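# Structural overview
The residues making up each chain are set out below.
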Amino acid sequence: MFAFKVDDEIELRLLEERHAEEIFAVVDANRAHLRQWLPWVEEEVSASDAKDYIKKMRERFAAFTGMALGIWQQGRIVGAIGLVNIDLHNRWAEIGYWLDARAQGRGIITRACRALIDYTFDDLKLNRIVIRCAEGNYKSRAIPERLGFKLEGRLRQTIWLYDRFWDAMMYGMLADEWKAREQVSGD
Ligand SMILES: CC(C)(COP(=O)(O)OP(=O)(O)OC[C@H]1O[C@@H](n2cnc3c(N)ncnc32)[C@H](O)[C@@H]1OP(=O)(O)O)[C@@H](O)C(=O)NCCC(=O)NCCS
């Protein structure tokens, strides 16, 4: 099993089909919170849908085109994070994430991102990481901003959510910039 221990509280593990019921229960309990920014929530209506998604992501991991990790906080799944796209040729990847509403406000995603970014630059040897957020998703935008990503641009009307387009705010971090930040912060 593939796992990163982020710190004493949080662990990231590659999602496996046997986790489908537990992760579905978290999604199901958080529909109102998640659906505003994550339209796939509407289509995940059973543990079997969660299982299909995990299976697809494991196939993508085998091909190194994606990676889905569960976030365990003190033994309980509280969300997910992953590389929703990996472009090995151009050596960049895109991070996505979500969290149980009750687990918000403790820096869990910020800490999980930091660990995933270290892995992506140090182990996968990629050169660039992006995080794309809808303009109005201020909680999500705060994560790349807190981690020192550069706001590289606004992709106009890129995200369709229910009844309207949102501009996507594109944040980027380069491997050299991340290393320089680590040296300054001593992480
Ligand atoms: C986006 C989302 C993951 C953000 O969750 P979050 O809890 O705000 O993010 P973090 O876990 O990084 O926590 C940051 C908060 O913890 C606080 N915090 C506490 N300890 C911290 C620490 N050690 N490090 C960083 N922040 C810490 C921060 O101040 C911040 O609080 P604030 O919102 O009051 O300013 C969550 O709101 C969510 O799941 N939204 C719906 C799905 C979604 O939008 N996904 C992203 C699509 S692009």
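Residues numbered from 1 in each chain as written. Predicted model: local features only at pLDDT ≥ 70, side-chain atom pairs only at ≥ 80, totals over all residues. Heavy atoms only, no water.

### So, the state of the cysteines
- Counted according to the given criterion, the structure contains zero disulfides.
- Looking at the unpaired C113, the closest cysteine sulfur is the one in C133, lying at 9.5 Å.
- Judged by relative accessible area, which is 2%, C133 ranks as buried. (Disulfide = S-S within 2.5 Å. Buried < 20%, exposed > 50% of the residue type's maximum accessible area, 1.4 Å probe, protein only.)

### A short note on the site of the ligand
- In the vicinity of the ligand there are 20 residues, among which Q104, G105, I109, T110 and N137 approach most closely.
- Here an oxygen atom of the ligand sits 2.5 Å away from a polar atom, N or O, in the side chain of T110.
- Take N137: an N or O atom from its side chain is 2.8 Å from an oxygen atom of the ligand.
- Expressed as a share of its isolated accessible area of 950 Å², the protein-covered part of the ligand is 73%.
- Of all the secondary structure elements, the ones that give two or more residues to the shell around the ligand are helix 2 (31-35), strand 5 (92-99), helix 4 (108-122) and helix 5 (138-146).
- Looking at which element gives the most residues to the shell around the ligand, the answer is helix 5, with four residues.
- Split into classes, the residues belonging to the shell around the ligand amount to nine nonpolar, seven polar and four charged. (Near = heavy atom within 4 Å. Polar contact = N/O pair within 3.5 Å; in protein donor to acceptor, adjacent residues only side chain to side chain. Areas by Shrake-Rupley, 256 points an atom, 1.4 Å probe, with all protein chains shown as cover. Helix = DSSP H or I, 4+ residues; strand = E, 2+ residues; numbered from the N terminus. Nonpolar A, V, L, I, M, F, W, Y, C, P; charged D, E, K, R; others polar.)

### Examining the pattern of salt bridges
- All chains considered together, the criterion is met by 15 salt bridges.
- The partner of D7 in a salt bridge is R111, with the nearest N and O atoms 2.8 Å apart. One end of the pair, D7, is in the loop between strand 1 (3-5) and strand 2 (10-14); the other, R111, is in helix 4, with 104 residues separating them in the sequence.
- Its salt-bridge partner being R132, residue E94 comes within 3.1 Å of it at the nearest N-O pair. With E94 in strand 5 and R132 in strand 6 (residues 128-134), this residue pair connects regions lying 38 residues apart in the sequence.
- Assessed through its relative accessible area of 35%, R132 is described here as partly exposed. (Salt bridge = Lys/Arg side-chain N within 4 Å of Asp/Glu carboxyl O.)

Any functional reading would require information that these geometric values do not contain.
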